[in-house]
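# Examining the three-dimensional arrangement
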Amino acid sequence: MTPLDRIRDQVTNNTVVLYMKGTPQFPQCGFSSRAAQVLQACGVKDFLAVSVLADPEIFENLKYYANWPTFPQLYVKGELIGGSDIMIEMYQKGEIQKLLEEAQAA
Amino acid sequence: MSTPDLIRQRLAALEPETYTLEDESAQHRGHAGAASGGGHFRLTLVSHKFRNLSTLARHRLVYEAMGELMQREIHALSITALTPEEL
């Protein structure tokens, strides 16, 4: 399986996927830390967190998957939602709470 | 040309009315991600080109304008992208 196939598998088989540096418990970057905090603040307990630092193949190839050059990246139901700036902005507007709630209910 | 100059040059394509770039690289010196030498920047752009676009689409426009700068010169970029009406 190519790295892009692996990413496609991950984002289609898991409702919420966060690609980040480090883990939600031990984030290795401020942006990744804030992204994980947004998910936690939204009460999302069941999400797949992929540490790109622990997986060089994904680290190298994720930018090509949705043509997005930075980490972290949040996917909901297979679709790129954005990075940490977008997650925080959507959180402040109450949009991401709704999106995540609906995705998990489906 | 310095990285901030390169960024400004690239983003001229978005015809920004307001352009602020803060170089926060010094705050990140020494952490693992900074080892590659790429800088940390905080960008605020106001442009009519963001009208009727989602935040995701606005960030995409910025990334596209930056091109390969995102791969080398820039390690982290925090983006605030507004339309003139949103100011």
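In the block above lies the structure referred to throughout.
Source: prediction; values computed, not measured. (Residues numbered from 1 in each chain as written. Chains lettered and ligands numbered in written order. Predicted model: local features only at pLDDT ≥ 70, side-chain atom pairs only at ≥ 80, totals over all residues. Heavy atoms only, no water.)

## Concerning the overall build of chain A
Scanning chain A from terminus to terminus reveals 5 helices and 4 strands. Helices and strands appear in chain A in the N-to-C order α-β-α-β-α-β-β-α-α. For chain A, whose C-alpha radius of gyration is 13 Å, the value lies close to the compact-globule estimate of 13 Å for 106 residues. C-alpha extents for chain A along the principal axes are approximately 35 × 30 × 25 Å. Taking all contacts inside chain A whose residues are at least 6 apart in sequence as the whole, residues at least 24 apart take part in 60%. (Helix = DSSP H or I, 4+ residues; strand = E, 2+ residues; numbered from the N terminus. Rg over C-alpha atoms; globule rule 2.2 N^0.38 Å. Contact = heavy atoms within 4.5 Å.)

## What about helix 3 (residues 55-66) of chain B?
All names here are of chain B. Over its 12 residues, helix 3 runs 17 Å from end to end, which matches the ideal 16 Å to within 8%, given 1.5 Å per residue. Buried within helix 3 we find Thr55, Arg58, His59, Val62, Tyr63, Ala65 and Met66. Buried residues of helix 3 fall within an arc of 165 degrees about the axis and therefore sit on the same side. The positive-phi residue at the C-terminal boundary of helix 3 is glycine 67, with phi of around 55 degrees. (Expected span 1.5 Å × (residues − 1). Buried < 20%, exposed > 50% of the residue type's maximum accessible area, 1.4 Å probe, protein only. Arc of directions from axis to C-beta.)

## Describing the packing of aromatic side chains
Within this structure, the stated rule accounts for 4 aromatic pairs over all chains. When the ring of Tyr19(A) is compared with that of Tyr75(A), the centres are 5.7 Å apart and the planes differ by 85 degrees; the resulting orientation is edge-to-face. Highlighted residues: Tyr19(A) in strand 1 (residues 16-20) and Tyr75(A) in strand 3 (residues 73-76), separated in sequence by 56 residues. In this structure Tyr19(A) comes out as buried when scored by relative accessible area, which is 0%. Note on Tyr75(A): relative accessible area 1%, which makes it buried. Judged by centre distance (4.8 Å) and plane angle (90 degrees), the ring pair of Trp68(A) and Tyr63(B) falls under edge-to-face. One end of the pair, Trp68(A), is in the loop between helix 3 (56-65) and strand 3; the other, Tyr63(B), is in helix 3, on a second chain. One exposure class covers both Trp68(A) and Tyr63(B), and it is buried. Among the aromatic residues, those joined into a ring-pair cluster are Tyr19(A), Tyr65(A) and Tyr75(A). (Phe/Tyr/Trp six-rings, centres within 6.5 Å; stacked < 30°, edge-to-face > 60°.)

## Topic: the nonpolar core
In terms of nonpolar packing, the biggest core is built from 51 residues, with Tyr19(A), Leu11(B), Val62(B) and Leu77(B) touching the most fellow members. At 5 residues, the largest contribution of residues to this core is made by strand 1 of chain A. If we skip the residues at most four places from it in the chain, Leu77(B) touches Asp85(A), Phe41(B), Leu43(B), Val62(B), Tyr63(B), Met66(B) and Met70(B). (Core = buried A, V, L, I, M, F, W, Y, C linked by side-chain atoms within 4.5 Å.)

## A few points about helix 5 (residues 95-105) of chain A
Every α-helix winds through 3.6 residues per turn, so residues three or four apart in the chain are directed the same way. All names here are of chain A. Residues of helix 5 that are buried: Ile96, Leu100 and Ala103. With its buried residues spanning 65 degrees around the axis, helix 5 presents them on a single face. Seen from the open side of helix 5, the exposed residues pointing more than 90 degrees away from its buried face are Lys98, Glu101 and Ala105. Packed against the buried residues of helix 5 are strand 1, helix 2 (30-41), strand 3 and helix 4 (84-92).

## Concerning the pairing of strand 2 (residues 39-46) of chain B
All names here are of chain B. Extensive coverage of strand 2 is indicated by the burial of 6 of its 8 residues. Pairing geometry for strand 1 (residues 18-23) and strand 2, over 6 bridges, is antiparallel. Looking at strand 2, one finds that glutamate 22 is bridged to arginine 42. Direction of pairing for strand 2 relative to strand 3 (residues 74-82): parallel, over a ladder of 8 bridges. Paired with valine 46 across the two strands is leucine 82, which belongs to strand 3. As for the winding sense of the linkage, the β-α-β connection from strand 2 through helix 3 to strand 3 is right-handed. (Pairing = 2+ DSSP bridges. Right-handed = clockwise from strand over helix to strand, strands pointing away.)

## Considering the environment of Thr83(B)
Residues and elements named next belong to chain B. Looking at the secondary structure, you find threonine 83 in the segment after strand 3. By relative accessible area, which is 4% here, threonine 83 ends up buried. Sequence separation between threonine 83 and glutamine 71 is 12 residues; the distance between their C-alpha atoms is 27 Å. If sequence neighbours within four positions are ignored, threonine 83 has contacts with Val46, Ser47, Phe50, Arg51 and Arg58.

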